[in-house]
Amino acid sequence: MPLVLGAIDRRILRVLQNDGRISNVDLANQVGLSPSPCLRRVRLLEESGIIDRYIAVLNPARVGLGLTVFVRVWFKTQDAAVTQQFADTVRKFPEVVECYLTTGECDAIMRVVTADLHAYWRFQSDHLTRIPSVQSVKTDVPMETIKASTGLPLL
């Protein structure tokens, strides 16, 4: 069950989503608190699991991973064992940065990051299509990124 967040907690979270390395003093100034109560609130947000972790967001092209594709996957069957086998296998692939089981046309959708189209083709042919539970895959290559965000819409 989600916790009820007050206005100050939401302000803290909005600032931290944008800059996880901000100092406590600067954070306190931005949200209208003194440093000690601000730090207490941040610690409570961490301890409650609302703040899951702090990470660095990398520029994919700058680290040689300039291609992002979206892969739709259909399973041979849809029983629990097949789904679990697929999930266990996909978790081992670092190229798969997101994977969701879905309802609708396909059984799963993934976001895959590789160096280029040839590297993706190798990944698809060497790994994805060799997963025993996979019947077929269809790949969508985005032409342009309109929006990419890691922040949640805390209104």
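Because the structure is a prediction, the values reported are computed rather than measured.

**Q** Please provide a residue-by-residue account of the sheet that holds strand β2 (residues 96-101), values included.
**A** On the basis of which strands lie adjacent, the open sheet formed by 4 strands has the order β2-β3-β1-β4 and antiparallel pairing. Because the sheet does not close on itself, it has two edges, and the strands there are β2 and β4 (134-140). For this sheet the average axis-to-axis angle between neighbouring strands, irrespective of direction, equals 20°. As paired elements, strand β1 (residues 67-75) and strand β3 (residues 108-114) share 7 bridges and run antiparallel to each other. From the neighbouring strand, Phe70 faces β3, where its bridge partner is Arg111. Sheet contacts for helix α4 (residues 80-90): β1, β2, β3 and β4; angle to β2, the most-contacted strand, approximately 165°.

**Q** Just give me the short version of the environment of Glu105, but keep the residues and values in it.
**A** Structurally, Glu105 is set in the loop between β2 and β3. The spacing of Glu105 and Val73 is 32 residues in sequence and 9.4 Å in space, taken between C-alpha atoms. The residues touching Glu105, leaving out its near neighbours within four places in the chain, are Arg72 and Trp74.

**Q** So, the layout of surface pockets: which residues are in play, and what are the values?
**A** Estimated volume of the largest pocket: approximately 1800 Å³. Listing elements by their share of the lining of the largest pocket, those giving two or more residues are α1 (7-18), β1, β2 and β3. Of all the elements, α1 adds the most residues to the lining of the largest pocket, at 4 residues.

**Q** Pulling in residues and values, what's your account of helix α2 (residues 24-31)?
**A** Turning to α2, its buried residues are Leu27, Ala28 and Val31. Axial view of α2: buried residues confined to an arc of 100°, hence all on one face. Opposite the packed face of α2, turned more than 90 degrees from it, sit the exposed residues Asn29 and Gln30. Elements that come into contact with the buried residues of α2 comprise α1 and α3 (35-47). Gly32 lies just past α2 and shows a positive phi near 80°.

**Q** Now, about the pattern of salt bridges: what can you tell me, with residues and values included?
**A** Evaluation of the coordinates by the stated rule reveals 8 salt bridges. Salt-bridge contacts for Glu46 lead to Arg43; the nearest nitrogen and oxygen are separated by 3.2 Å. Placement of both Glu46 and Arg43 in helix α3 is noted, with a separation of 3 residues, approximately one turn of the helix. Note on Glu46: relative accessible area 25%, which makes it partly exposed.

What counts and what doesn't
Residues numbered from 1 in each chain as written. Predicted model: local features only at pLDDT ≥ 70, side-chain atom pairs only at ≥ 80, totals over all residues. Heavy atoms only, no water. Pairing = 2+ DSSP bridges. Helix = DSSP H or I, 4+ residues; strand = E, 2+ residues; numbered from the N terminus. Axes fitted to C-alpha atoms, helices over the stretch in contact; angles between N-to-C directions. Contact = heavy atoms within 4.5 Å. 1 Å grid on protein atoms, 1.4 Å probe; cavity = no way out; pocket = protein on both sides within 12 Å on 5 of 7 lines; lining within 4 Å. Points joined across faces, edges and corners; volume = space filled by probe spheres on them. Buried < 20%, exposed > 50% of the residue type's maximum accessible area, 1.4 Å probe, protein only. Arc of directions from axis to C-beta. Salt bridge = Lys/Arg side-chain N within 4 Å of Asp/Glu carboxyl O.

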